[in-house]
Amino acid sequence: MPPPSTSSLEQSERPDPWRLAGLDAARGLAVAGMIVVNVGPRGGDSLAETLYRLPYGRASLLFMLLGGIGFSLLTRRARSGETPIPAGPILWRALVLFVGGLLLQALGHGVLVILVTYAALFIVALPLTRAAGGVLLVLAGFSASLGPILWLAVQERTDKAFDRDPLTVTDSPWELLAGTFITGPYPVAVWAAPFLLGMWLGRRDLSSQLLSTRLIMWGAVSALGARTISIALIAYMGEPTSHLVWQRLISSVAHSQMPLWLVEGTGAALFVLGLCLKIADRCVQSWLEPLVKLGQLAFTAYVGHLLILALAVRPGPATLPEGLVISSLILVALIVFSLTWRRLVTRGPLEMLLRPPRLWPSGT
């Protein structure tokens, strides 16, 4: 997946990069997409059902891409040498997300919680805080190409013994380590690709019109190109099956962990991000405010929708109309909460937990 050109896009000084409306809106869309996916249902082949499933395998990649951008923004002053690398605050954030992810997985919502992998990637990114941009792109390429091969190799060597089971608090340390990095539902070996690409993007000038245009263009080319290549290869070689493990490399099925899916889904994420940055720059800010505020409380909204699913929704819904109604109600409730909360308090209720106790200098 070709990245935008770099030379003219180096991150410039700006008052508060965290408050770019387009970035918050993209984060809000990622949360909204995950709500739709997690509410379900995911079956059916009609046009309406296909459109409803569009966020599947894409919203989570957008979430990871934005996580990498957030890491670069969080460490921007340390990267320039103004402050030490904020290892303590980042490790605290990772701990909260890791423990929170394990505890949330115990609830009866039927969702594979992504927070454990998100936490692990913050730790993996720490040694790369001051790495050159080219290094980040090379590592992202390795993750997108070699990560799926490693995933398949381990599956083949273990006689396909692992089946993407969720990680839980009852797992042994070894099971947690193996599940987080290779055998779990969101293996770091594969999912590092969008996060590292996000780290690279977080060093660009996200307010640049040129950057948003290139994100839209390259995102669309990557998404459509990867899907087209996959369709052509499947037409020539046949549909991948469990009996032909290595043939899965030609698949672009969502959450298959395969390279073509990663390129397609990450391309779609780049497209959405570019579009949000472009729209936010040209439109009235109030028009985007609901998504922006939802994105600013992304952690709270993510946890909130899992609690709603566990306490009030499961085992439904069974039909598309039910899914649309439930998804809409959850989304509206979380947006209203976000709008109200942000008028009263600067940070979201759970976002406050991501700030460490006063044991370390923040470094940012």
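None of the values given here were measured: they were computed from a predicted structure. (Residues numbered from 1 in each chain as written. Predicted model: local features only at pLDDT ≥ 70, side-chain atom pairs only at ≥ 80, totals over all residues. Heavy atoms only, no water.)

Undergrad: So what's going on with the overall build of the protein chain? Which residues, and what values?
TA: Looking only at helices and strands, the protein chain has 14 helices and 0 strands in total. Taken from the N to the C terminus, the helices and strands of the protein chain come in the order α-α-α-α-α-α-α-α-α-α-α-α-α-α. Evaluated residue by residue, the protein chain yields a buried proportion of 51% over its 364 residues. Taking the intrachain contacts of the protein chain between residues at least 6 apart in sequence as the baseline, contacts between residues at least 24 apart amount to 78%. Of the roughly 16400 Å² of accessible surface on the protein chain, 68% is carried by carbon and sulfur atoms. (Helix = DSSP H or I, 4+ residues; strand = E, 2+ residues; numbered from the N terminus. Buried < 20%, exposed > 50% of the residue type's maximum accessible area, 1.4 Å probe, protein only. Contact = heavy atoms within 4.5 Å. Areas by Shrake-Rupley, 256 points an atom, 1.4 Å probe, with all protein chains shown as cover.)

Undergrad: Can you explain the packing of helix α1 (residues 21-39) against helix α14 (residues 320-344)? Please cite residues and give values.
TA: Two elements in contact, α1 and α14, have axes separated by 9 Å at closest approach and are oriented at 145 degrees. When the axes of α1 and α14 are compared, the crossing they make is right-handed. For the pair α1 and α14, contact is made by Ala32, Ile35, Val36 and Val39 and by Gly323, Ile326, Ser327, Ile330, Leu331 and Leu334, respectively. The class makeup of the residues in the contact of α1 with α14 is 8 nonpolar, 2 polar and no charged. (Axes fitted to C-alpha atoms, helices over the stretch in contact; angles between N-to-C directions. Left-handed = near helix turned anticlockwise from the far one by under 90°. Nonpolar A, V, L, I, M, F, W, Y, C, P; charged D, E, K, R; others polar.)

Undergrad: Could you give an account of the packing of helix α5 (residues 87-105) against helix α6 (residues 115-125), with specific residues and numbers?
TA: Running from amino to carboxyl end, α5 crosses α6 at an angle of 160 degrees, the nearest separation of the two axes being 7 Å. By the angle between their directions, the pair α5 and α6 is classed as roughly antiparallel. Every pair of crossing elements has a handedness; the one defined by α5 and α6 is left-handed. Touching Ile90, Leu91, Arg93, Ala94, Leu97, Phe98, Gly101, Leu102 and Leu104 of α5 are Leu115, Val116, Tyr118, Ala119, Phe122 and Ile123, all from α6. Tallied by class, the residues present in the contact of α5 with α6 amount to 13 nonpolar, 1 polar and 1 charged. (Parallel < 35°, antiparallel > 145°, perpendicular 65-115°, else oblique.)

Undergrad: Could you give an account of the side chain of Ser208, with specific residues and numbers?
TA: Residue placement: Ser208 occurs in the loop between α9 (188-201) and α10 (209-237). In terms of polar contacts, Ser208 uses its side chain to reach the backbone amide nitrogen of Leu210, at 3.2 Å. (Polar contact = N/O pair within 3.5 Å; in protein donor to acceptor, adjacent residues only side chain to side chain.)

Undergrad: I'd like to hear about the packing of aromatic side chains, residue by residue, with values.
TA: The geometry of an aromatic ring pair is captured by the separation of the ring centres together with the interplanar angle, meaning the angle of the planes. Counted by the stated rule, this structure contains 9 aromatic pairs. Here Phe63 and Tyr302 contribute two aromatic rings whose centre-to-centre distance is 6.2 Å and whose plane-to-plane angle is 15 degrees, an arrangement assigned as stacked. Of the two residues, Phe63 sits in helix α3 (residues 59-74) while Tyr302 sits in helix α13 (residues 298-313), which places them 239 residues apart along the sequence. Exposure remark for Tyr302: the relative accessible area of 2% places this residue in the buried category. The ring of Trp200 has Arg204 sitting right over it, with the charged end atom 4.5 Å from the ring centre. (Phe/Tyr/Trp six-rings, centres within 6.5 Å; stacked < 30°, edge-to-face > 60°. Lys NZ or Arg CZ within 6 Å of the ring centre and 35° of its normal.)

Undergrad: Tell me about the nonpolar core, and please be specific about residues and values.
TA: As a rule of thumb, soluble globular proteins bury nonpolar side chains together. Residues Leu201 and Leu273 are the most contacted members of the largest nonpolar core, which totals 84 residues. Sequence-distant contacts of Leu273, that is, excluding residues within four places in its chain, are made with Leu23, Ala26, Leu65, Leu66, Ile69, Leu201 and Leu215. (Core = buried A, V, L, I, M, F, W, Y, C linked by side-chain atoms within 4.5 Å.)

Undergrad: Explain the pattern of salt bridges to me, using residue names and the numbers behind them.
TA: The final tally for this structure, using the stated rule, is 5 salt bridges. Taking the shortest distance from any N to any O, the salt bridge between Arg227 and Glu264 comes out at 3.3 Å. Separated by 37 residues along the polypeptide, Arg227 in helix α10 and Glu264 in helix α11 (residues 259-282) bring together distant segments of the chain. The class of Arg227 is partly exposed, set by a relative accessible area of 32%. The buried category is assigned to Glu264, whose relative accessible area is 7%. With its nearest N and O atoms 3.8 Å apart, the salt bridge here joins Lys293 to Glu289. Taken together, the residues Lys293 and Glu289, both in helix α12 (residues 285-296) and 4 residues apart, mark about one turn of the helix. Its relative accessible area of 16% is what places Lys293 among the buried residues. Since its relative accessible area comes to 25%, Glu289 is described here as partly exposed. Members of the salt-bridge network, linked through shared partners, are Arg58, Arg227 and Glu264. (Salt bridge = Lys/Arg side-chain N within 4 Å of Asp/Glu carboxyl O.)

Undergrad: Explain the environment of Ala312 to me, using residue names and the numbers behind them.
TA: Summarising the element assignment, Ala312 is placed in helix α13. A relative accessible area of 63% places Ala312 in the exposed class. Distance in space between the C-alpha atoms of Ala312 and His109 is 9.4 Å, their sequence separation being 203 residues.

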